Protein chains: 2
Amino acid sequence: MGPSSNLESAMQMLIKTFHKYSGKEGDKYTLSRGELKELLIEELGSYLGNSKDNEAVEKVMNDLDANNDGEVDFTEFIILMGALTVACNDFFLEMFENSCT
Amino acid sequence: MGPSSNLESAMQMLIKTFHKYSGKEGDKYTLSRGELKELLIEELGSYLGNSKDNEAVEKVMNDLDANNDGEVDFTEFIILMGALTVACNDFFLEMFENSCT
């Protein structure tokens, strides 16, 4: 096994970051509202506009928590990160297209 | 803006890697079969068992190419990466559980 490729590093970072927060309280393998809030503010603050209000966290939580148990599991977290990455890619492509016309 | 968090780096790596390959031939914003094959072998070789045969690439391509146009767009690529990351997380959790019982 050689050194990790960029894609392998990306996967490892997603897994590591989720467990850094999910392990703090309650179920070790899911994010509670408090853990999700901490993750969003500390890890995605600059993307989500540093909104520290509960309303934004509640909205993300309600969107994510597909099975309505008040906890976000790893699959739900990956769906959020996927949606954010697609949005981010669209944003950069649009900037690039505009800068070339 | 401070330095990128791990999650932000992961998103940037996914975007950068996709475009590194998608820009090589044909549509700049999608992966052709040839580009997908190159990406899978060079970036995920150790996860996918270094299978350099066309059959494995064809299988992934057919699974990914939801709209059947022979090209993989960024959203389809992110769905693959999400599925791989969830599988990878399950694998590590299982190893961890087994080592603790």
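Residues numbered from 1 in each chain as written. Chains lettered and ligands numbered in written order. Predicted model: local features only at pLDDT ≥ 70, side-chain atom pairs only at ≥ 80, totals over all residues. Heavy atoms only, no water.

Right, let's talk about the interface of chain A and chain B for a bit. Taken together, the contacts link 36 residues of chain A with 36 residues of chain B. Both faces combined, the contact of chain A with chain B buries some 3300 Å², and carbon together with sulfur accounts for 71% of it. Three residues, Leu 7, Met 11 and Met 13 of chain A, lead the burial of chain A against chain B; their summed loss comes to 21% of the area buried on that side. Scanning the region where chain A abuts chain B turns up 0 salt bridges. Where chain A touches chain B, the interface holds 4 residue pairs in polar contact (both at pLDDT 80 or more). Taken together, the elements giving at least two residues each to the side of chain A that touches chain B come down to α1 (6-22), α2 (33-44) and α4 (74-99) of chain A. (Contact = heavy atoms within 4.5 Å. Buried area = accessible area lost by both parts, 1.4 Å probe. Salt bridge = Lys/Arg side-chain N within 4 Å of Asp/Glu carboxyl O. Polar contact = N/O pair within 3.5 Å; in protein donor to acceptor, adjacent residues only side chain to side chain. Helix = DSSP H or I, 4+ residues; strand = E, 2+ residues; numbered from the N terminus.)

Turning next to the nonpolar core. Phe 77 of chain A together with Phe 77 of chain B are the most contacted members of the largest nonpolar core, which totals 51 residues. Of all the elements in the fold, those that place two or more residues in this core are α1, α2, α3 (54-64) and α4 of chain A together with α1 (6-22), α2 (33-44), α3 (54-64) and α4 (74-99) of chain B. With residues near it in sequence (within four places) discarded, Phe 77 of chain A still touches Leu 14, Phe 18, Leu 31, Leu 39 and Val 72 of chain A together with Leu 7 of chain B. (Core = buried A, V, L, I, M, F, W, Y, C linked by side-chain atoms within 4.5 Å. Buried < 20%, exposed > 50% of the residue type's maximum accessible area, 1.4 Å probe, protein only.)

What follows is about the packing of aromatic side chains. Aromatic ring pairs are defined here through the distance separating the ring centres and the angle between the ring planes. All names here are of chain A. With the rule as written, the count across this model stands at 8 aromatic pairs over all chains. Relative to Phe 74, the ring of Phe 18 lies with its centre 5.1 Å away and its plane at 85°, an arrangement referred to as edge-to-face. With a gap of 56 residues between them, Phe 18 in helix α1 and Phe 74 in helix α4 connect regions that are remote in the sequence. Classification of Phe 18 as buried rests on a relative accessible area of 0%. Given a relative accessible area of 5%, Phe 74 falls into the buried group. Centroid distance Phe 74 to Phe 77: 6.1 Å. Interplanar angle 45°. Geometry classified as tilted. A residue pair is termed a helical-turn pair when its members lie 3 or 4 positions apart in one helix, as Phe 74 and Phe 77 do in helix α4 at 3 residues. A relative accessible area of 1% places Phe 77 in the buried class. Put simply, the rings of Phe 18, Phe 74 and Phe 77 touch in pairs and so form one group of aromatic residues. (Phe/Tyr/Trp six-rings, centres within 6.5 Å; stacked < 30°, edge-to-face > 60°.)

A cluster of nonpolar side chains, namely Phe 91, Phe 92 and Met 95 of chain A, defines an oily patch on the protein surface of about 320 Å² accessible area. Along the polypeptide, Phe 91 of chain A turns up in helix α4. (Patch = residues over 30% accessible without salt bridge, like charges linked within 9 Å, V, L, I, M, F, W, Y side chains within 5 Å. Areas by Shrake-Rupley, 256 points an atom, 1.4 Å probe, with all protein chains shown as cover.)

All names here are of chain A. Enumeration over the complete set of coordinates arrives at 4 salt bridges over all chains. Glu 43 is the partner of Lys 20 in a salt bridge, and the nearest nitrogen-oxygen pair spans 3.4 Å. With Lys 20 in helix α1 and Glu 43 in helix α2, the pair connects residues that are 23 residues apart, well separated along the chain. Note that Glu 38 and Lys 24 form a salt bridge whose closest N and O atoms lie 2.6 Å from each other. Separated by 14 residues along the polypeptide, Glu 38 in helix α2 and Lys 24 in the loop between α1 and α2 bring together distant segments of the chain. By relative accessible area, which is 28% here, Glu 38 ends up partly exposed.

Moving on, we get to the relation of the copies chain A and chain B. Placing chain A over chain B gives an RMSD of 0.0 Å and needs a rotation angle of 180°, together with 0.0 Å of translation along the axis. The two molecules are tied by a two-fold rotation axis, judged by turn and shift. No C-alpha of chain A approaches the rotation axis more nearly than that of Ala 10 of chain A, which lies at 2.1 Å. A share of 100% of interface residues in chain A that are also interface residues in chain B marks the association as one of identical surfaces. (Least-squares fit on C-alpha atoms with pLDDT ≥ 70 in both.)

The values reported here are purely geometric and, on their own, carry no functional implication.
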